[in-house]
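Overview (structure and organization)
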Amino acid sequence: MSIRPEDRSSLVRHTDRDTAVHRVQEAYTEGYISYEEMDRRLHQVLTATTRHEIASALASLPAEDPGTTSTISAAAGRIQRRGEWRVPRTLKVQSAFGRVQLDLSRAVFEHRVVDLELHLGTGGAKITVPRDAIVDLEGLRTGWKDSHYTPRRQPRPGGPTIRISGVMGFGRLRIRHAWR
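Computed from a prediction, not measured in an experiment: that's the story for all the values here.

What follows is about the nonpolar core. Grouped together as the largest cluster of nonpolar side chains are 26 residues, with contacts concentrated most on Val93, Leu116, Leu118, Ile127, Ile164 and Leu173. When residues of this core are traced back to their parent elements, those giving at least two are strand E4 (90–95), strand E5 (99–103), strand E7 (113–120), strand E8 (125–129), strand E9 (134–142), strand E11 (161–168) and strand E12 (173–177). Per-element accounting of this core gives the leading share, four residues, to E7. Beyond its immediate sequence surroundings of up to four residues, leucine 116 is in contact with Leu91, Val93, Leu102, Ile127, Ile162, Arg163, Ile164 and Ser165. Ala20, Ile33, Ala57 and Leu61 belong to the second largest nonpolar core, which has 14 residues in total.

The following block contains the structure:
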C-alpha cells in the first residue's frame, strides 16, 4: 500500500519523535507525571506513526519552552559567526546579496533542537556543525543550486539537532561536520 502525497506531511520524522521523547522525560523530571505515566507515554511516542499520535501522547503536558529567536540580516556583504557564541532556539539569517558563514562547531547549544531559518538571495552559505549534530534539511527550498551535505554515517547520541529551513535563491548551501 502506498502513501498518498497529502498524507506524507503527517508522518513522524526522527526529529519529531526525539523532541517528543525529550518533552515526556522533562515532564517526569519536573514532577508533572509519574513514572508509570512516563513509561506509557514513551511507549506511545516510540510506536507512533503519525504526528497526530505524537500530539495525543503529549496532550496535557506543560508547553515546551519556546526559547529565543534572533535575526541576523544584511543587504550585502558577509554574515559571519564563529568561535564560542550562544545559539538561540531559532536563528533567522537574511541576506539579499551577501555570503553567510556560520561555524557552530564551538558554539554553545542551550536547546536540543535548533531551527535555522535561511532567507538568502544570491549569496551562498557555508555552515559547519558540531561533529555529533544531526542535520535536517526537509524544510529548505533551493532555487538555483542544490545544497551540498553528506550526513555522518553513525551520528553519536547527545548532539544537537539542527533543522534548516527557508529559501535560497541563487547561492549554494554547503554543510560539513567539524573534525573535532
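We are not done yet, so read on.
Now for the sheet that holds E4. Strand order in the open sheet formed by five strands is E1-E4-E7-E11-E9, with parallel pairing between adjacent strands. Lying at the two open borders of the sheet, with one neighbouring strand each, are strand E1 (69–74) and E9. Sheet twist, expressed as the mean angle between neighbouring strand axes with direction ignored, is 15 degrees. Pairing of E4 with E7 involves six bridges; the strand directions are parallel. Bridging across to E7, lysine 92 finds its partner in glutamate 117.

Per the stated rule, a full pass over the model turns up one aromatic pair. Between tyrosine 28 and tyrosine 35, the aromatic rings sit 6.0 Å apart at their centres with planes inclined by 70 degrees, giving edge-to-face as the arrangement. Residue classification places tyrosine 35 among the partly exposed residues on the basis of a relative accessible area of 48%.

Attention shifts here to a positive patch on the surface. Positive charge collects at one region of the surface, where Lys126, Lys145, Arg172, Arg174 and Arg176 lie side by side. Along the chain, the position of arginine 174 falls in strand E12. With a relative accessible area of 42%, arginine 174 lands in the partly exposed category.

To continue, consider the sheet that holds E8. Here five strands make up an open sheet; going across it, the order is E2-E5-E8-E12-E10 and the pairing parallel. Edge strands, defined here as strands with exactly one partner in the open sheet, are strand E2 (78–81) and strand E10 (148–149). Where E2 and E5 come together, four bridges link them in parallel fashion. The partner of glutamine 80 across the bridge, within E5, is glutamine 101.

Looking now at helix H3 (residues 35–47). The terminal C-alpha atoms of H3 lie 18 Å apart, and with 13 residues this matches the ideal 18 Å at 1.5 Å per residue to within 8%. If you check which residues of H3 are buried, you get Met38, Arg41, Leu42 and Val45. Along H3, the residues classed as buried sweep out an arc of 105 degrees about the axis, all on the same side. When the buried face of H3 is taken as reference, the exposed residues oriented beyond 90 degrees from it are Glu36 and His43. Those residues of H3 that are buried lie in contact with helix H2 (14–29) and helix H4 (51–58).

Quick notes on the rules
- Residues numbered from 1 in each chain as written.
- Predicted model: local features only at pLDDT ≥ 70, side-chain atom pairs only at ≥ 80, totals over all residues.
- Heavy atoms only, no water.
- Core = buried A, V, L, I, M, F, W, Y, C linked by side-chain atoms within 4.5 Å.
- Buried < 20%, exposed > 50% of the residue type's maximum accessible area, 1.4 Å probe, protein only.
- Helix = DSSP H or I, 4+ residues; strand = E, 2+ residues; numbered from the N terminus.
- Contact = heavy atoms within 4.5 Å.
- Pairing = 2+ DSSP bridges.
- Axes fitted to C-alpha atoms, helices over the stretch in contact; angles between N-to-C directions.
- Phe/Tyr/Trp six-rings, centres within 6.5 Å; stacked < 30°, edge-to-face > 60°.
- Patch = residues over 30% accessible without salt bridge, like charges linked within 9 Å, V, L, I, M, F, W, Y side chains within 5 Å.
- Areas by Shrake-Rupley, 256 points an atom, 1.4 Å probe, with all protein chains shown as cover.
- Salt bridge = Lys/Arg side-chain N within 4 Å of Asp/Glu carboxyl O.
- Lys, Arg positive; Asp, Glu negative; His and termini not counted.
- Charge placed at Lys NZ, Arg CZ, Asp CG, Glu CD.
- Expected span 1.5 Å × (residues − 1).
- Arc of directions from axis to C-beta.

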